Amino acid sequence: MPTLRVVVLVSGTGTLLRALLTACADPNYGVTVTAVGADRSDAPALRAARAAGVETFACAVEDYPNRLAWDTELTRLVGRHQPDLVISAGFLKLVGAPFLREFAGRFINTHPSLLPAFPGMHAVGDALAYGVRVTGCTVFFVDGGVDSGPIIDQRVVPVLPADTEDILHERIKVVERAMLADVVGRMSRLGWTVLGRRVVLG
Ligand code: GRF
């Protein structure tokens, strides 16, 4: 069975990555994580990848003279693995033009809000502060803006009266992990087309 080659980029704890790796253990899922990259060498997510026998690399902005040099090297490190799909799974850096050009139409991200509401780094706190009654998560293709690319899928999570930012984010992440694993599996099995802002799987 043909398998989708995936490179996953991470910054933090990597629970999204772990959900993907768990899904990949099923041969019918049709996805292979060929490498995991991070913007810091001590990201706990890299340890999880190595424990699963997946190749890892780190590419830290502070190790390069400027952002363009970092972006060019990140593009090279990801490209070495010839991915069909690159997934930002809690990767807390905006990539630049060289990376976006190279992986156009095959670079996706997951975000803890119902985009286009609450883009940016503080999505969960912003949603809570605004007083919305439902929020959720979004998987989308990355473009040159901040969380602004074509939407692939979204799931709704209710906001509860006792929610703090941490409690709500944890509840979103449970849904986000299932959504990401489901979306990537469907992308592998069905393929995808992006028509303007509309994404069609299959
Ligand atoms: C996710 O909510 C993701 O959308 C956000 O950071 C979280 C990553 O969680 N950007 P983890 O590191 O995979 O546990």
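It should be noted that the structure appears before, not after, this text.
Attention in this report is confined to the structure presented alongside it.

Reading the values: the criteria
Residues numbered from 1 in each chain as written. Predicted model: local features only at pLDDT ≥ 70, side-chain atom pairs only at ≥ 80, totals over all residues. Heavy atoms only, no water. Salt bridge = Lys/Arg side-chain N within 4 Å of Asp/Glu carboxyl O. Helix = DSSP H or I, 4+ residues; strand = E, 2+ residues; numbered from the N terminus. Buried < 20%, exposed > 50% of the residue type's maximum accessible area, 1.4 Å probe, protein only. Near = heavy atom within 4 Å. Polar contact = N/O pair within 3.5 Å; in protein donor to acceptor, adjacent residues only side chain to side chain. Areas by Shrake-Rupley, 256 points an atom, 1.4 Å probe, with all protein chains shown as cover. Nonpolar A, V, L, I, M, F, W, Y, C, P; charged D, E, K, R; others polar. Contact = heavy atoms within 4.5 Å.

### Quick look at the pattern of salt bridges
Within the structure shown, the criterion is met by ten salt bridges. Note that arginine 80 and glutamate 55 form a salt bridge whose closest N and O atoms lie 3.7 Å from each other. With arginine 80 in the loop between helix H3 (67–79) and strand S4 (85–88) and glutamate 55 in strand S3 (residues 55–58), this pair connects stretches of sequence that are 25 residues apart. Residue classification places arginine 80 among the partly exposed positions, given a relative accessible area of 47%. The residue arginine 106 makes a salt bridge to glutamate 102 at a minimum N-O spacing of 4.0 Å. According to the relative accessible area criterion, arginine 106 is partly exposed, its value standing at 23%. By relative accessible area, glutamate 102 is classed as partly exposed at 43%. Each of Asp153, Arg155, Asp182 and Arg186 takes part in one network of salt bridges that share partners.

### Observations concerning the site of the ligand
Within the structure, the ligand sits among Gly12, Thr13, Gly14, Thr15, Leu16, Gly90, Thr110, His111, Pro112, His169, Lys173 and Glu176. A distance of 2.5 Å separates an oxygen atom of the ligand from a polar side-chain atom of threonine 15. In the complex, 88% of the free accessible area of the ligand, which totals 370 Å², lies under the protein chains. The set of elements that each furnish at least two residues to the shell around the ligand consists of helix H1 (15–24), strand S5 (107–111) and helix H6 (165–190). The dominant element in the shell around the ligand, judged by the number of residues it contributes, is H6, at three residues. A breakdown of the residues in the shell around the ligand according to their chemical character gives two nonpolar, eight polar and two charged.

### What about the environment of valine 124?
Examined against the element boundaries, valine 124 turns out to sit in helix H5 (residues 123–130). Residue classification places valine 124 among the buried residues on the basis of a relative accessible area of 4%. Sequence separation between valine 124 and valine 183 is 59 residues; the distance between their C-alpha atoms is 22 Å. If we ignore the near neighbours within four places in the chain, the residues touching valine 124 are Pro112, Glu165, Leu168, His169 and Ile172.

### Some points on H5
Along H5, the residues classified as buried are Ala123, Val124, Gly125 and Ala127. Buried-residue contacts for H5 involve S5, strand S6 (134–141) and H6. Just past H5, the residue glycine 131 takes up positive phi, approximately 90°.

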